[in-house]
Amino acid sequence: AFALLEAVNSLDVAALHDRYSDMSLQTLCFEWDINLQKAFELAMKEGWSLPFGVQTHLRVDQEKELIRVFCNQEMIDLDEDYYDEG
């Protein structure tokens, strides 16, 4: 128990925050006009952990994969600044 408590309290919060999307799966789907059910099915198929269901914030790499799969290249090119921030 002590080792677990020590690990949790020694995490670099900024580095951890940078690994996760600022949006939940639900918000991400709304913003990118992605069908939420299909996005959820992809997450389950890929084995992504969604402890809070559609309110879960995906890791940045998972978010990029979701957008790559469901959005066309023109939409991604228009929003390059989104990736440059992360």
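The structure we're discussing is the one just above.
Not measured: the values here are computed from a predicted model. (Residues numbered from 1 in each chain as written. Predicted model: local features only at pLDDT ≥ 70, side-chain atom pairs only at ≥ 80, totals over all residues. Heavy atoms only, no water.)

1. Points about helix H4 (residues 36-46)
- For H4, every residue scored as buried is listed here: Ala39, Leu42 and Ala43. Taken end-on, H4 shows its buried residues confined to a sector of 100 degrees, consistent with a single buried face. Set apart from the buried face of H4 by more than 90 degrees, the exposed residues are Gln37 and Lys45.
- Packing partners of the buried residues in H4 comprise helix H3 (25-32) and helix H5 (60-70). (Buried < 20%, exposed > 50% of the residue type's maximum accessible area, 1.4 Å probe, protein only. Helix = DSSP H or I, 4+ residues; strand = E, 2+ residues; numbered from the N terminus. Arc of directions from axis to C-beta. Contact = heavy atoms within 4.5 Å.)

2. What to know about the state of the cysteines
- Overall, the coordinates contain zero disulfides when judged by the stated rule.
- Free of any disulfide, Cys29 has its nearest neighbouring cysteine sulfur in Cys71, separated by 9.0 Å.
- The exposure class assigned to Cys29 is buried, which follows from its relative accessible area of 3%.
- Its relative accessible area of 7% is what places Cys71 among the buried residues. (Disulfide = S-S within 2.5 Å.)

3. Some remarks on unusual backbone geometry
- In this structure, Asp33 takes a positive phi of about 55 degrees despite not being glycine.
- Relative to the assigned elements, Asp33 resides in the loop between H3 and H4.

4. Digging into the pattern of salt bridges
- Tallied over the entire structure, the rule returns two salt bridges.
- A salt bridge links Arg59 to Asp61, with the nearest nitrogen and oxygen atoms 3.2 Å apart.
- A residue is classified by how much of its surface remains accessible, and Asp61, at 46% relative accessible area, is partly exposed.
- Where Glu65 meets Arg68, a salt bridge forms, and the shortest distance between an N and an O atom there is 2.7 Å. A residue pair is termed a helical-turn pair when its members lie 3 or 4 positions apart in one helix, as Glu65 and Arg68 do in helix H5 at three residues. (Salt bridge = Lys/Arg side-chain N within 4 Å of Asp/Glu carboxyl O.)

Limitation: the analysis is restricted to geometry and does not speak to function.
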